[in-house]
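Structural overview
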Amino acid sequence: MTEQFDILVVGAGPAGIAAAVSAAGARKRVGLVDDNPDAGGQIWRGRATQSAAARHWIARLDGSSVTRLQGCRVFDAPAKGTLRAECGGDRRELSYGKLILATGARERFLPFPGWTLPNVMGAGGLDAIVRSGLPVAGKRVVVAGTGPLLLAVAAHLAGRGAKILAICEQAPLRQLIHFGAHLIREPAKVLQGIEYGWATRGARFQTGCWPVEAHGSDKLETVILEQNRKQWEERCDYLACGFHLVPNLELPVLLGCSLESGFVATDDVMRTSVANVFCAGEPTGIGGVELALIEGEIAGLAAAGRTHEAEKLAESRKQRLGFVCALKHATVLDPRLKTIAKDSTLVCRCEDVSFGKLREHANWRDAKLQTRCGMGSCQGRVCGAAAEFLFGWDAAQIHSSIRPPVFPVPVSNLGATGKLNCQDDGPAMAGTSQSKEVE
Amino acid sequence: MHELANSVTLTVNDISVTVAAGTTVAAAMLIAGVSTRRSVIGEPRGPLCGMGICFECRATIDGVPHQKSCQILCADGMMVRTL
């Protein structure tokens, strides 16, 4: 079944919502496709705890003519002007005149002994699951990693009654002071920082500090933290650990969009190197909600042919790009984080490939071919960003190794006829090898 | 059991779990205290990313294997199974 749109937006986070709403104002048939049950992306997940900005934009989306395809995962671009998606188990073809990619970002995870234990999660990961219904009242949580997300997560979890034992930021204090100096130019962010500080009062905020081991029999029980070569143990229920964000580039790369310094290259009105394809939000540079909203608006207006209005907004976008650089510098990873993983520590969680096995290889391609690293279900989404940091492997090679389907789908949804079906052991999955799975 | 209008009850590995409407299956599995899957070498795993990219939260939901439980909402009578 094929659905036709003048403008199709992929991703219903802030950038995608702003893009769809802005484009829909121009009497265009606009579609918004997203793989989660609800719009909002990661940052606006969970309607109960939404900010004023989130409520404003989601109300505008609710009041718009945008066709919403939630729970729909784009996995292929079979022809120019067509995307293929899996929606609730069924395959759909989505054709478009203009495409806006607002695929967002994910966390960078770094491996350390014990990081595969249940209840060791991403910082944003635990936050997302709590927003999706997990109660944390009375639970002891260590928040670790790098970036402003740590404070936001700690504040939110504390607000839900969790006991935040420590917030461990890997960056040294001087790196953060520099970032703080930049923030003074953005009063709204300073105010937010003060709110986070108040919400997490009582939790220790440690800089130059990170987890080196997690222990537990079948789930997390204790974490060993290190600061200035001093180590200590914290007993906790959850470790929420993420090392800032990396862009979701699978779809932009599949479509052939040029990258620049690891992000999708665009012009002032968010046009990529591919005709009729725009990109907005984190894939063009990690810059947070406010920038994502502006980029979304620009892309939506430009895609709808309202170039003059888009160009006007482009000025206020330029003024905010300094924040992208400040954030990048604030989250530069300490090289000592490369030494936490032991030879036996798993780096690829899908195929259970260890650090020791990987470091024998010269690059991502060799490692993939020899060890199956990055060839499991996540297709390198987790281990790729880790390998880039741990081994200095070429990020461009890691990104370009993605092949369709960019998400595993049942074989029955792959072919042109959709008739091929293997029902005996459940549907066979393409995009991954399930042969070794113990499931 | 007292049933709230805005709650749903599902089964996770034969454990009955009642959660608020809008709760994802991944959250319900954590509430039930079950790990989501066993890895290739047999380690227990739980959700990592919470947003549909890591695939650690896969489970069999209503007979369909390899479902990303963090992106699926709980429904009354839903049957969730892991190893």
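Residues numbered from 1 in each chain as written. Chains lettered and ligands numbered in written order. Predicted model: local features only at pLDDT ≥ 70, side-chain atom pairs only at ≥ 80, totals over all residues.

**Section: the overall build of chain A**
Within chain A one finds 13 helices and 23 strands. Computed over the C-alpha atoms, the radius of gyration of chain A is 22 Å, within 12% of the 22 Å expected from 2.2 N^0.38 for a compact globule of 439 residues. If you line up chain A on its principal axes, its C-alpha atoms span 60 × 55 × 40 Å. (Helix = DSSP H or I, 4+ residues; strand = E, 2+ residues; numbered from the N terminus. Rg over C-alpha atoms; globule rule 2.2 N^0.38 Å.)

**Some remarks on the overall build of chain B**
When helices and strands are tallied, chain B shows 1 helix and 7 strands. N-terminal to C-terminal, the α/β element order of chain B is β-β-α-β-β-β-β-β. When its C-alpha atoms are laid out on the principal axes, chain B stretches across 40 × 25 × 20 Å. Relative to its 83 residues, chain B shows a buried fraction of 53%. (Buried ≥ 20, exposed ≤ 12 C-beta atoms within 10 Å, placed from the backbone.)

**Some points on the sheet that holds strand β14 (residues 230-235) of chain A**
All names here are of chain A. The 3 strands are arranged β12-β13-β14 in an open sheet whose pairing can be described as antiparallel. If you trace the sheet from one side to the other, it starts and ends with β12 (209-215) and β14, each paired once. When strand polarity is set aside, the average angle formed by the axes of neighbouring strands in this sheet is 25°. Across 6 bridges, β12 lies against strand β13 (residues 222-227) in antiparallel orientation. (Pairing = 2+ DSSP bridges. Axes fitted to C-alpha atoms, helices over the stretch in contact; angles between N-to-C directions.)

**Points about the domain arrangement of chain A**
All names here are of chain A. Split into domains, chain A comes out as domain 1 (2-106 + 246-327), domain 2 (109-243) and domain 3 (341-430). Here the C-alpha centroids of domain 1 and domain 2 sit 29 Å apart. Facing the 6 residues of domain 1 at the interface are 7 residues of domain 2. Along the lines of polarity and charge, the residues of the side of domain 1 that touches domain 2 split into 1 nonpolar, 4 polar and 1 charged. (Domains from an automatic or database assignment. Contact = placed C-beta atoms within 7 Å. Nonpolar A, V, L, I, M, F, W, Y, C, P; charged D, E, K, R; others polar.)

**Looking at the interface of chain B and chain A**
Reports of interface size often rely on the accessible area that becomes lost once the parts have come together. At the interface, 36 residues of chain B touch 36 residues of chain A. At the level of secondary structure, the elements contributing two or more residues to the side of chain B that touches chain A comprise β2 (15-20), α1 (25-32), β3 (37-38), β4 (44-45) and β6 (64-68) of chain B. With 4 residues, the top contributor of residues to the side of chain B that touches chain A is α1 of chain B.

**Some points on unusual backbone geometry**
Here P404 of chain A and P405 of chain A are connected by a cis peptide whose omega angle stands at 0°. Positionally, P405 of chain A belongs in the loop between α13 (395-400) and β22 (409-410). Phi at H66 of chain B takes a positive value of approximately 60°, unusual for a residue other than glycine. Note on placement: H66 of chain B falls in strand β6. The class for H66 of chain B is buried, based on 21 C-beta atoms found within 10 Å.

**With respect to the pairing of strand β5 (residues 82-87) of chain A**
Residue and element names in this part refer to chain A. Pairing between strand β4 (residues 72-79) and β5: 5 bridges, direction antiparallel. Within the sheet, the bridge partner assigned to V74 lies in β5 and is A85. In this sheet, strand β6 (residues 90-101) lies alongside β5 in antiparallel orientation, the contact comprising 6 bridges. Bridging across to β6, L83 finds its partner in L94. Here β5 folds back onto β6, and the loop between the two strands holds 2 residues, one of which, G88, carries a positive phi near 55°.

**Details of helix α3 (residues 123-131) of chain A**
Extensive coverage of α3 of chain A is indicated by the burial of 9 of its 9 residues. Residues A123, G124, G125, L126, D127, A128, I129, V130 and R131 of chain A constitute the buried set of α3 of chain A. Buried residues belonging to α3 of chain A abut β7 (105-107), β8 (120-121), β9 (140-146), α4 (149-159) and β15 (238-243) of chain A together with α1 of chain B. Of the residues flanking the end of α3 of chain A, it is G133 of chain A, one or two places downstream, whose phi is positive at about 120°.

**Considerations on the environment of G114 of chain A**
Residue and element names in this part refer to chain A. Relative to the helices and strands, G114 is located in the loop between β7 and β8. Between the C-alpha atom of G114 and that of V212, which follows or precedes it by 98 residues, the distance is 8.8 Å. Ignoring sequence-local partners within four residues, the contact set of G114 consists of V120, E213, A214 and H215.

**Quick word on the packing of α4 of chain A against helix α6 (residues 187-199) of chain A**
All names here are of chain A. Where α4 meets α6, the closest approach of the two axes is 8 Å, and the angle between their N-to-C directions is 45°. Classified by the angle their axes make, α4 and α6 are oblique. Here α4 runs over α6; the crossing is left-handed. Every residue of α6 that contacts α4 at L151, A152, A155, A158 and G159 is listed here: E195, Y196 and A199. The class makeup of the residues in the contact of α4 with α6 is 6 nonpolar, 1 polar and 1 charged. (Parallel < 35°, antiparallel > 145°, perpendicular 65-115°, else oblique. Left-handed = near helix turned anticlockwise from the far one by under 90°.)

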